[in-house]
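Reading the structure
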Amino acid sequence: MKLSATLFAAKAVCTSVSAFTVPIGNAVQRSALQQPSSSHSQPSSSTTTALQMSQEEMDLITMDANERMDKTMSNLAENLATVRTGRANPNMLDRVEADYYGAMTPINQMATISVPSSQQLQIAPFDKSSLTDIEKAIIYSGLGFTPSNDGNVIRINIPALTEDRRKELLKQCKSIGEEAKVAIRNIRRDGVDSIKKMEKAGDLGKDQALDGQDELQKLTDKHVKMVDDAVAKKEKEVTTLNSEQPYHSRASKEVESMGAPSFDPISDAISGAIMAATSVPQLIAYAETVGYAGYLGLSTAGAPLLAWGVATGSPWINSGVTSLTAVMAKTDLGGEAYVAEYGEDAYVELVAAYSLYVGVASIVMGLIGFGKLAQKAPMAVKTGFKWGCELGVLSSALPNGLYAFGSTLKKNVETSVFGDIVKSVTGVVPGATGVSGVCNILYAVTNPQSWDIVAALLFLSCTLVVMKGKVYLPKSFPPGSEVVLATAAATVFSVFYGYEGGVVGEIPTADSNAGLSLGPIKIPIELMDIKGLLNVPIAERCFGGSIINLFITAAIFSAINFLSIVGIASGFESDNNVPWSAPRELIAQGVSNIAAGAVGSAPVSGSMSRSLVSRMTGATSKLACIITALLWIYMMPYMSVMSSTPKAALSAVIVSAVVTNVVVPTKLLALKGTDFIVGVGTAATTAITSPTLGFGAGMVLYILINIVAGNDSKKKVA
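What this report covers is the structure whose coordinates are included nearby. (Residues numbered from 1 in each chain as written. Predicted model: local features only at pLDDT ≥ 70, side-chain atom pairs only at ≥ 80, totals over all residues. Heavy atoms only, no water.)

Side note on the overall build of the protein
Worth spelling out the cut-off: Helix numbers and strand numbers start at the N terminus; a helix is a DSSP run of H or I with at least 4 residues, a strand a run of E with at least 2. Partly exposed residues are those whose accessible area sits between 20% and 50% of the maximum for their type, while under 20% is buried and over 50% is exposed, using a 1.4 Å probe and protein chains only. Working rule for contacts: check all heavy atoms of both residues, and any pair within 4.5 Å makes them a contact. Surface accessibility in these figures is a Shrake-Rupley result with a 1.4 Å probe; residues are shielded only by whichever protein chains are displayed.
Within the protein one finds 28 helices and 10 strands. The buried share of the protein, taken over its 718 residues, is 48%. Long-range contacts, defined as pairs at least 24 residues apart, comprise 77% of the intrachain contacts of the protein with a sequence gap of at least 6. Roughly 34300 Å² of accessible area belongs to the protein as shown, and the carbon and sulfur atoms make up 60% of that amount.

Put into structure tokens, the structure is as follows:
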């Protein structure tokens, strides 16, 4: 990159005698030597030395810029190496660190990572005792890999990329490339600024400064081209299935690199048992969210999951009452008001009847092909809807978390300024039932002096354990152990210290003569009177006497909850190449909801947390969730141990699942342009009104904004 010594000397002579030369007058020829007068044939020694020193400083600036640009290229290579291509590459694990004797260490320093085939990585630890730590580090890395540990080495099958995933990765490659280009141009700017300062100080001539800037531009152009070449190479890797077959579309035949795991009944039994034990606190907590006794969450959970296990085609997806289905059911049916007017038993029948309608709606929609349509719901609407529902979950959990009894918060709000806000808003917009929940949160947060000290301490400590506890537990503990430990500790506290706040309460013993008989096998499930459920006046009491409104609401409920299954199944398809059928899973949701109604459960849907735990704990087929269901059913007589569990601890289980995203809505804030408007509008409407109305309003807003945007585009073209 440096100029030759001859040219340096020539420029020095040219500069020293420039006052006595005849200008050539052509800018292109400004670097040529000019004839000096006879009385000044040689420059002084001091002038030549000074100019050479200035040139050396400029050369240092150029060298520094070159080194910094080369370093940027190295960073670019590292960043591109972490982008998945559908083919195995040891660099995929470069940023994964594992706990090695108390220090977080990159696993590529703990093991040899090899590529036995184009679709598989093999990790051979130097220290075999670190196998489990490395395996867990890979699972929790967020890369979506499911490692297989045979006791000697860890193998990772790299799933083939779907069309949507490839598009995302191509955008990621372009973004990484643009960041590198910006860094290179910033380096050029720094160099140009330094040269201009030297010129202004008189240390460089104008011609030297221009030449230096030209050199920096050449360096910039060279490195920008290198960035483009590196990104193009990576994009080719992303869009290629293997070295011979480019990827064109989803219709292309993908490599079956992973697929569903091989059936292993022992692994399924272990995974099913872990799921059964770690999910018990959730079952009770979500029943409380629905608005009826917590023990019903235990006694009614087995049948819907059993039906789901028979109907689903996924080896990992688990179904059950979730925070979303609980909040939606309570909102659609006016839970608190209904219990106050008709009693809890009548409310249980109402919820069970609603589950039947949701189940029938799901099956009908699955048969007519709605499952595929649900996959096309706009991301902005889904993101805003999810945040609004999570805020609703938070508002339903706080009363029993911060107060000894949930009714205390309601009474406090009614007599405060927030109560006036609720009355004003609902007076203008009768459908704004969610505004009371928002005001509950605002009152609780702004009036900590009203909290019950013991309940609040239990709630906050259990929330902390559930959210942070897994970091401090032994690596051998299964996922979800922190939930079990938190609720167990709270229960022990309640029993031995006489906790006087709200608890789960007495759990009735199941009737030994009740249940289903399958030959010699007796399944102790108490069934509701199905004819009686069909006669429950649900339309009259909750939907303005309109059976049409009931069916429409049930259909919307089914569609919204199916989005959870779509998200879970699509994730497994992307990460593990496990195919799935949208119509089948929607019908499975329907079958599971009919079973839920038959035993008195709230509507059910796919549970993201339980599904991920099922995959993580080694389930190989739907037998795992069937085993979980049977354990819940047959272990019910022994669940009375949960009678003294404080509701504050159960509220902590719920809050820990949603509070982070509610407080810092990263995905919502990441939306851009009109998507941001749609997302925020959907979130606000869902939070203030109800999930059903919120989702519908979000879809309408999305359509209207796109119509307006389309018209604007046409005007610009015209």
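A closer look at the packing of helix 13 (residues 379–402) against helix 27 (residues 673–688)
The condition is simple: Axis angles are defined between N-to-C directions and span 0 to 180 degrees, where every axis is a line fitted to C-alpha atoms and, for a helix, only to the segment in contact. For classification purposes, an angle smaller than 35 degrees is called roughly parallel, one larger than 145 roughly antiparallel, one from 65 to 115 roughly perpendicular, and anything else oblique. Definitions for this section: a left-handed crossing has its near helix turned counterclockwise from the far helix by less than a right angle. A right-handed crossing has that turn clockwise. When residues are sorted by character, Ala, Val, Leu, Ile, Met, Phe, Trp, Tyr, Cys and Pro go into the nonpolar class, Asp, Glu, Lys and Arg into the charged class, and all the rest, Gly among them, into the polar class.
Close contact between helix 13 and helix 27 brings their axes to 7 Å; oriented N to C, the two are set at 30 degrees. Comparing the axis directions of helix 13 and helix 27 gives the class roughly parallel. As for the relative orientation of helix 13 and helix 27, their crossing is right-handed in sense. Residue-level contacts link A380, V381, G384, F385, W387, G388, C389 and L391 of helix 13 to D675, V678, G679, T682, A683, T686 and A687 of helix 27. Partitioned by chemical class, the residues of the contact of helix 13 with helix 27 number 9 nonpolar, 5 polar and 1 charged.

A few points about the sheet that holds strand 6 (residues 154–157)
So the rule is basically this: Two strands are said to pair when DSSP picks up at least two bridges between them.
Within the open sheet, the 4 strands sit side by side as 3-4-6-5. Their pairing is antiparallel. Whereas interior strands pair on both sides, the edge strands pair on one side only; in this sheet they are strand 3 (111–117) and strand 5 (148–149). Here strand 5 runs beside strand 6; their pairing, made up of 2 bridges, is antiparallel. Note that in strand 6 the partner of S148 across the bridge is R155. Here helix 3 (residues 131–139) sits on the sheet in contact with strand 3, strand 4 (120–125), strand 5 and strand 6, set at roughly 20 degrees to strand 6.

Quick look at helix 14 (residues 406–414)
Worth spelling out the cut-off: In this context, the arc is that of the directions from the helix axis out to the C-beta atoms.
All of the buried residues in helix 14 are G406, L409 and V413. Down the axis of helix 14, the buried set is contained in an arc of 60 degrees. They therefore lie on one face. Tucked into the core, helix 14 has its buried residues touching helix 13, helix 15 (417–428) and helix 16 (435–446).

Quick look at the pattern of salt bridges
To keep it simple, the criterion reads: For this document, the term salt bridge refers to a Lys or Arg side-chain nitrogen within 4 Å of an Asp or Glu carboxyl oxygen.
Under the definition given, this model contains 11 salt bridges. Residues D228 and K181 are paired through a salt bridge, measuring 2.6 Å at the closest nitrogen-oxygen approach. Of this pair, D228 sits in helix 5 (residues 206–238) while K181 sits in helix 4 (residues 163–200), and the two are 47 residues apart along the sequence. On the basis of relative accessibility, which here comes to 35%, the residue D228 falls in the partly exposed class. For K225, the salt bridge identified is with D229, shortest N-O distance 3.2 Å. Separated by 4 residues within a single helix, K225 and D229 lie in helix 5, roughly one turn from each other. Residue class for D229 comes out partly exposed when judged on its relative accessible area of 42%. The network of salt bridges with common partners includes D64, R68, R189 and D190.

Focus on helix 15
Which entries qualify depends on this criterion: Multiplying one less than the number of residues by 1.5 Å gives the expected span of a helix.
Compared with the 16 Å implied by 1.5 Å per residue over 12 residues, the 17 Å span of helix 15 between its first and last C-alpha is a close match. Those residues of helix 15 that sit buried are F418, G419 and V422. Looking straight down helix 15, one finds its buried side chains confined to an arc of 105 degrees; they lie on one side. Of the residues in helix 15, the exposed ones pointing more than 90 degrees away from the buried face are V417, K423, G427 and V428. Tucked into the core, helix 15 has its buried residues touching helix 14 and helix 16.

Focus: the environment of S476
Within the element layout of this structure, S476 appears in the loop between helix 17 (453–468) and helix 18 (481–497). Distance in space between the C-alpha atoms of S476 and T132 is 8.1 Å, their sequence separation being 344 residues.

Quick notes on the side chain of T645
Stated precisely, the cut-off is as follows: Nitrogen and oxygen atoms within 3.5 Å of one another constitute a polar contact, given that in protein one can donate a hydrogen and the other can accept it, and given that sequence-neighbouring residues count only through two side-chain atoms.
Position of T645 relative to the elements: it lies in the loop between helix 24 (623–634) and helix 25 (647–663). Owing to a relative accessible area of 0%, T645 belongs among the buried residues under this scheme. Side-chain polar atoms of T645 contact the side chain of T491, separated by 2.7 Å. Excluding anything up to four places from it in sequence, T645 contacts T487, T491, G502, V503, V504 and L650.

A closer look at the environment of S395
The residue S395 is located in helix 13 in this model. Here S395 falls in the buried class, since its relative accessible area comes to 11%. Sequence separation between S395 and N440 is 45 residues; the distance between their C-alpha atoms is 6.5 Å. Those residues in contact with S395 that sit more than four places away from it in its chain are G437 and I441.

Let's talk about the pairing of strand 2 (residues 103–106)
In summary, the side chains of a regular strand alternate between the two faces of the sheet. Bridging between strand 1 (residues 97–100) and strand 2 involves 4 bridges; their strand directions are antiparallel. Following the sheet pairing, E97 is matched in strand 2 by P106. Here strand 1 hands over to strand 2 after 2 residues, with Y101 in that stretch at a positive phi of 55 degrees.

Remarks on the packing of helix 9 (residues 323–333) against helix 11 (residues 344–367)
The geometry of helix 9 relative to helix 11 is characterised by a closest axis approach of 11 Å and an angle of 110 degrees between their N-to-C directions. By the angle class used here, helix 9 and helix 11 are roughly perpendicular. At the point where helix 9 passes helix 11, the crossing takes the right-handed sense. Residues A329, K330, D332 and L333 of helix 9 lie in contact with helix 11, whose contacting residues are Y347, L350, V351 and Y354.

Concerning the nonpolar core
To keep things clear, this is the line we draw: Note on terminology: a nonpolar core comprises buried Ala, Val, Leu, Ile, Met, Phe, Trp, Tyr and Cys residues joined through side-chain atoms within 4.5 Å.
The biggest cluster of nonpolar side chains holds 124 residues, and the ones touching the most others in it are Y292, L333, Y354 and I538. With 13 residues, the top contributor of residues to this core is helix 11. Core analysis: the next-biggest nonpolar cluster, separate from the first, contains 25 residues, V192, L216, L219 and V224 among them.

Remember that the coordinates give geometry; whether it matters functionally is a separate question.
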